[in-house]
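# Observations on the model geometry
Below are the chains, spelled out letter by letter.
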Amino acid sequence: MIRKRPGIKYLIVLSILLLSGYSRPAVALSITGLNEHAIIDGGSGAHELSGITYIGAVAGQPDTYRYYAVSNTQQRMYGIDINMDMNTGNINSATIVSTVNLTPGSDLEGIAYNRNNNSVYVSDEAGPAIREYSLTNGSLLSTLNVPSVYTNNLRANRGFEALGRQYNGESLWTSNEEALAVDGGLSTINNGSTVRLQKYNSSLGYAGQYAYLTDSIENGFPQYSSELSGISDMVVLPDGTLLVLERECDAVMFTPHCRNRIYAVDYSTATDVSLFDRLDGGGYTTASKSQLWQNYFDYINYEGLCLGPKLNTGAYSMLMISDDATGANGFEQKLYSMTINGVADPVPEPSALLVLAAGAAPVLLRRLKSA
């Protein structure tokens, strides 16, 4: 009697799925806002925290997690220990526990953790520049190349506000906050601003550049030149999905007022504009965006965003951090907690799975020979 050999068929199918980059079907993303919480200074003198990144759990302290936030005026980053309700995602406490000086740098805005080097990438809006610093002592480890279209055409205070990195290092993203001088106008109450989303690959080489249209200013008074609506930060989810935080600040009844939105970005049909000297003449397709969340805040300028640990519910925590403008005009320095559902869990590296599959093959063959 001839016996069937399902083991060989299973191994072949498994190998095809692994080699083709198979993953589970996508689940719709959704974000829920939770609570605001003040940051305890801890005697650090921290001000104008503009970017935040998640590092990991703090040993010996249940439900406490270490984050690092970067200041846009002090050339420093601050370690923040955040205790969190792992059932809800609400913040119980947030305390600054360490200070690390960063040089060089002038207007540091975005920050993203690199677990492989125990380092962080930090975007400098004034450069514009992206540098890698040691998390231990703040020493400069490397400086990324930046496309010349940014360095030659940057508008003051509209540079690399945002920075996001995929957990496994497969991609790193940045963006100018509002349009370069050759790409169109700044945001107004009638029009958004066209920015360039810049992608880097795992080797930190250029991997694509895509036009993206920010929202127009929803309310306000056009005579105030300080009003703006642009990208202030980014998050790259484990599966590579790009989220952007758009931040609008304006004046409503003469009260400082900020509107924050989080969008999921789809650039699959967008034109790669890496070779476009300017975007104000058209001839390209912009990336599309889907709004996941929006909220309004008075006297609180949330401009940093990061993904946090996975909660007991299966959702992920997510945090925003606000720039207090050194307390000017009553602005406060706070954290805002959120949960995000539908995040695809990190998929094991294909190479590791293939090793397991290859290791299983001799066992399957021995069984077949003995059958």
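Residues numbered from 1 in each chain as written. Predicted model: local features only at pLDDT ≥ 70, side-chain atom pairs only at ≥ 80, totals over all residues. Heavy atoms only, no water.

Scored by pLDDT, the chain has a mean of 86; 83% of the residues are at 70 or more. Every residue in residues 1-6 scores below 50 in pLDDT, and together they form two contacts with partners more than four places removed in sequence or on other chains. Under a pLDDT of 50 for its full length, residues 8-25 has, in the predicted model, 15 contacts with residues more than four places off or in other chains. (pLDDT = per-residue confidence, 0-100. Contact = heavy atoms within 4.5 Å.)

Here we take up the sheet that holds strand β7 (residues 119-124). Note: strands within a sheet are paired through backbone hydrogen bonds, in either parallel or antiparallel orientation. The strand order across the open sheet formed by four strands is β6-β7-β8-β9, and the pairing between neighbours is antiparallel. The strands lining the two open edges of the sheet, one partner per strand, are β6 (108-114) and β9 (140-143). Put simply, the sheet's adjacent strands are angled 25 degrees from each other on average, direction ignored. Sheet topology places strand β8 (residues 129-134) next to β9; three bridges connect them, and they run antiparallel. (Pairing = 2+ DSSP bridges. Helix = DSSP H or I, 4+ residues; strand = E, 2+ residues; numbered from the N terminus. Axes fitted to C-alpha atoms, helices over the stretch in contact; angles between N-to-C directions.)

Scanning the entire structure with this criterion turns up 16 salt bridges. Residue Lys289 pairs with Glu246 through a salt bridge whose shortest N-O separation is 2.7 Å. Of this pair, Lys289 sits in strand β17 (residues 288-298) while Glu246 is found in strand β15 (residues 242-252), placing the two residues 43 residues apart along the sequence. The exposure class assigned to Lys289 is partly exposed, which follows from its relative accessible area of 27%. In this structure Glu246 comes out as buried when scored by relative accessible area, which is 0%. Here Asp280 ties to Arg278 by a salt bridge, and the two come within 2.9 Å at their closest N and O atoms. In this structure Arg278 comes out as partly exposed when scored by relative accessible area, which is 44%. Overlapping salt bridges, with partners in common, bring together Glu161, Glu177, Arg247 and Glu303 in one network. (Salt bridge = Lys/Arg side-chain N within 4 Å of Asp/Glu carboxyl O. Buried < 20%, exposed > 50% of the residue type's maximum accessible area, 1.4 Å probe, protein only.)

Once that is clear, we can look at unusual backbone geometry. For the bond from Thr103 to Pro104, the omega torsion is 0 degrees, close enough to zero to count as cis. Cis geometry marks the peptide bond from Gly127 to Pro128, where omega comes out at -10 degrees. Along the chain, Pro128 turns up in the loop between β7 and β8. Unlike most non-glycine residues, Asn118 shows phi in positive territory, near 50 degrees. The topology assignment puts Asn118 in the loop between β6 and β7. In this model, Asn157 sits at a positive phi of 60 degrees, which is unusual for a non-glycine residue.

What follows concerns the sheet that holds strand β1 (residues 30-38). As summarised here, the arrangement of the four strands in space is β1-β20-β19-β18, forming an open sheet in which the pairing is antiparallel. With partners counted over all chains shown, the strands left at the sheet margins are β1 and β18 (301-310), one partner each. On average, adjacent strands in this sheet sit at an angle of 25 degrees to one another, irrespective of strand direction. Strand direction decides the pairing type here: β18 and strand β19 (residues 316-323), joined by seven bridges, are antiparallel. Looking at β19, one finds that Tyr302 is bridged to Ser322.

Once that is clear, we can look at the state of the cysteines. On inspection of all chains with the given rule, the structure shows one disulfide. Note that Cys249 is cross-linked by a disulfide to Cys258, the S-S spacing being 2.5 Å. Disulfide Cys249-Cys258: the torsion about the S-S bond is 90 degrees, which places it as right-handed. (Disulfide = S-S within 2.5 Å.)

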